[in-house]
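# Examination of the molecular architecture
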Amino acid sequence: SGEGNWDETDVANYNLVNPVRRDSLNNWPKGWTAIRIILDNPGAWLFHCHLTAHLFMGFGLAFIVSPNEIPGFPNLSDSL
């Protein structure tokens, strides 16, 4: 993370050897945070702010991972 604009060409300053491992972070005004994730589990995964009101305002996104490998919904009429 940092202040100002993110510079994707500044690879020398990326910490890829021992990166911070967290499930939450702060992103300050006029700041940025680069997130590196491995998407290897098929499904729809929600990425959002912890404030529920922000989710309703559209401050969330879903990662759709390997959509062809996501099983369909079960047929519930078979169990009735």
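Model, not experiment: these values are computed from the prediction.

### Topic: the overall build of the chain
- A count of helical and extended segments in the chain gives 1 helix and 4 strands.
- Overall, the chain shows an N-to-C arrangement of helices and strands of β-β-β-α-β.
- For 80 residues, the compact-globule estimate of 2.2 N^0.38 gives 12 Å, and the chain exceeds it by more than 25% at 18 Å.
- C-alpha extents for the chain along the principal axes are approximately 60 × 30 × 20 Å.
- Taken over 80 residues, the chain has a buried fraction of 2%.
- Residue pairs in contact within the chain that sit at least 24 positions apart in sequence constitute 44% of those at least 6 positions apart.
- For the chain, the exposed area adds up to about 7,800 Å²; of that, 57% sits on carbon and sulfur atoms.
- Of the charged side chains in the chain, 4 are positive and 8 negative; the average position of the first set lies 10 Å away from that of the second.

### Section: unusual backbone geometry
- Not every positive phi belongs to a glycine, and Lys 30 is a case in point at roughly 60 degrees.
- Among the secondary structure elements, Lys 30 is positioned in the loop between strand E1 (2–3) and strand E2 (31–32).
- Under the relative-accessibility criterion, Lys 30 is labelled exposed at 78%.
- The phi dihedral of Ser 66 is positive, around 45 degrees, even though this residue is not glycine.
- As for its position among the elements, Ser 66 is in the segment after strand E4 (60–65).
- Classification of Ser 66 by relative accessible area gives partly exposed; the value is 29%.

### A closer look at the layout of surface pockets
- Put simply, the largest pocket is a space of about 1,800 Å³.
- Every element with two or more residues in the lining of the largest pocket is listed here: strand E3 (43–48) and E4.
- For the lining of the largest pocket, the per-class residue count stands at 21 nonpolar, 12 polar and 5 charged.

Conventions we followed
Residues numbered from 1 in each chain as written. Predicted model: local features only at pLDDT ≥ 70, side-chain atom pairs only at ≥ 80, totals over all residues. Heavy atoms only, no water. Helix = DSSP H or I, 4+ residues; strand = E, 2+ residues; numbered from the N terminus. Rg over C-alpha atoms; globule rule 2.2 N^0.38 Å. Buried < 20%, exposed > 50% of the residue type's maximum accessible area, 1.4 Å probe, protein only. Contact = heavy atoms within 4.5 Å. Areas by Shrake-Rupley, 256 points an atom, 1.4 Å probe, with all protein chains shown as cover. Lys, Arg positive; Asp, Glu negative; His and termini not counted. Charge placed at Lys NZ, Arg CZ, Asp CG, Glu CD. 1 Å grid on protein atoms, 1.4 Å probe; cavity = no way out; pocket = protein on both sides within 12 Å on 5 of 7 lines; lining within 4 Å. Points joined across faces, edges and corners; volume = space filled by probe spheres on them. Nonpolar A, V, L, I, M, F, W, Y, C, P; charged D, E, K, R; others polar.

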